[in-house]
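Chain by chain, the residues:
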Amino acid sequence: MLDPQWVFLSAVLGLAGSVRYAFATARGAARPNVVTWALWAAVPLIGFSAQLDAGVGLPAVQTLAAGAGPVAVVACGLLTRHILVRISGFDKVCAAVAAVALVVWLVLEHAPLAVVCVVVADAAAALPTLVKAWRDPYSENLLFYVLVGIGAGVTLMTITSWEPESWAFAAYVFALCAVLGGTVFIRRRVLQQPGPGPA
């Protein structure tokens, strides 16, 4: 186990990844999906509130950073108009699932269930970006997922209480970054490979 103070490194890594993504968005090198990133901004901030209510302590810092970074990305995307605002039916379904999960938490006000609902909501919000990463991996910033994933891993190594509200969100973020980062990396490698020659 690491000293709980290491969670601040996790937050810095997450914020650094978000700042890099925001700069990539400003240059047009990344094109964030507005549904994913707006929910990625809102959901962790609500999760942070749930963790505060549960007295989680320092691990909540990583959750706060997970919400604050996407706020910068959304703002940058809207200001530079380098954000995907075409909302498909799939995006709407994912947003609806995320909204239902948040409403469940707000109604029940039970901290462990709240964190589970936040994870479900965040995962639903991530699906449009996962589809986009598969179709157009160059529209994503790979380093963002690497930095945020490392930060979540650091947070997991500082956990002293194994109640779900303490570790579930960090574990989810680590897994999400592995999936999204892996998808971007593998799809870029596949798309760089030459196609088959003439028969």
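Residues numbered from 1 in each chain as written. Predicted model: local features only at pLDDT ≥ 70, side-chain atom pairs only at ≥ 80, totals over all residues. Heavy atoms only, no water.

Chemist: What exactly am I supposed to notice about empty space enclosed by the protein here?
Modeler: Any empty space left between atoms is shown by rolling a water-sized probe over those atoms. A full pass over the atoms with the stated rule returns one cavity of 30 Å³ or more. Of all elements in the fold, only α1 (7-27), α2 (34-53), α3 (60-80), α6 (142-156) and α7 (164-192) reach the threshold of two or more residues within the lining of the largest cavity. Residues of the lining of the largest cavity, tallied by class, amount to 15 nonpolar, five polar and one charged. (1 Å grid on protein atoms, 1.4 Å probe; cavity = no way out; pocket = protein on both sides within 12 Å on 5 of 7 lines; lining within 4 Å. Points joined across faces, edges and corners; volume = space filled by probe spheres on them. Helix = DSSP H or I, 4+ residues; strand = E, 2+ residues; numbered from the N terminus. Nonpolar A, V, L, I, M, F, W, Y, C, P; charged D, E, K, R; others polar.)

Chemist: What is the right way to look at the environment of Ala 66 in this model?
Modeler: If you trace the backbone, Ala 66 turns up in helix α3. Separated by 72 residues in the primary sequence, Ala 66 and Tyr 138 have C-alpha atoms spaced 22 Å apart. What Ala 66 contacts, discounting residues up to four positions off in sequence, is Trp 40, Pro 44 and Phe 169. (Contact = heavy atoms within 4.5 Å.)

Chemist: Even after reading the chapter, I still don't get the side chain of Lys 132, so can you show me in this structure?
Modeler: Looking at the secondary structure, you find Lys 132 in helix α5 (residues 111-135). With relative accessibility at 10%, the residue Lys 132 sits in the buried group. Within the structure, Lys 132 has its side chain in polar contact with the side chain of Ser 139 (distance 2.9 Å). (Buried < 20%, exposed > 50% of the residue type's maximum accessible area, 1.4 Å probe, protein only. Polar contact = N/O pair within 3.5 Å; in protein donor to acceptor, adjacent residues only side chain to side chain.)

Chemist: How should I be thinking about the packing of α3 against α7 in this particular structure?
Modeler: When two helices pack together, their arrangement is given by the angle between the helix axes and the distance between those axes. Their axes nearest at 9 Å, the elements α3 and α7 cross at an angle of 50°. In terms of orientation, α3 and α7 fall into the oblique class. When the axes of α3 and α7 are compared, the crossing they make is left-handed. Contacts between α3 and α7 involve Gln 62, Thr 63 and Ala 66 from the first element and Phe 169, Ala 170 and Val 173 from the second. (Axes fitted to C-alpha atoms, helices over the stretch in contact; angles between N-to-C directions. Parallel < 35°, antiparallel > 145°, perpendicular 65-115°, else oblique. Left-handed = near helix turned anticlockwise from the far one by under 90°.)

Chemist: Got a minute to help me understand the nonpolar core in this structure?
Modeler: Most often, soluble globular proteins keep nonpolar side chains buried together rather than apart. Formed by 36 residues in total, the largest nonpolar core has its most connected members in Trp 37, Trp 40, Phe 144, Phe 169, Tyr 172 and Val 173. Contributions of two or more residues to this core are made by α1, α2, α3, α4 (89-108), α5, α6 and α7. Top element by residues in this core is α5. It accounts for eight residues. (Core = buried A, V, L, I, M, F, W, Y, C linked by side-chain atoms within 4.5 Å.)

Chemist: Please clarify how the pattern of salt bridges should be interpreted in this entry.
Modeler: Opposite charge on two side chains permits them to pair, given that their charged atoms come into close proximity. Throughout the structure, instances matching the rule amount to two salt bridges. For Lys 132, the salt bridge identified is with Glu 140, shortest N-O distance 2.5 Å. Here Lys 132 matches Glu 140 in class, with each residue buried. (Salt bridge = Lys/Arg side-chain N within 4 Å of Asp/Glu carboxyl O.)

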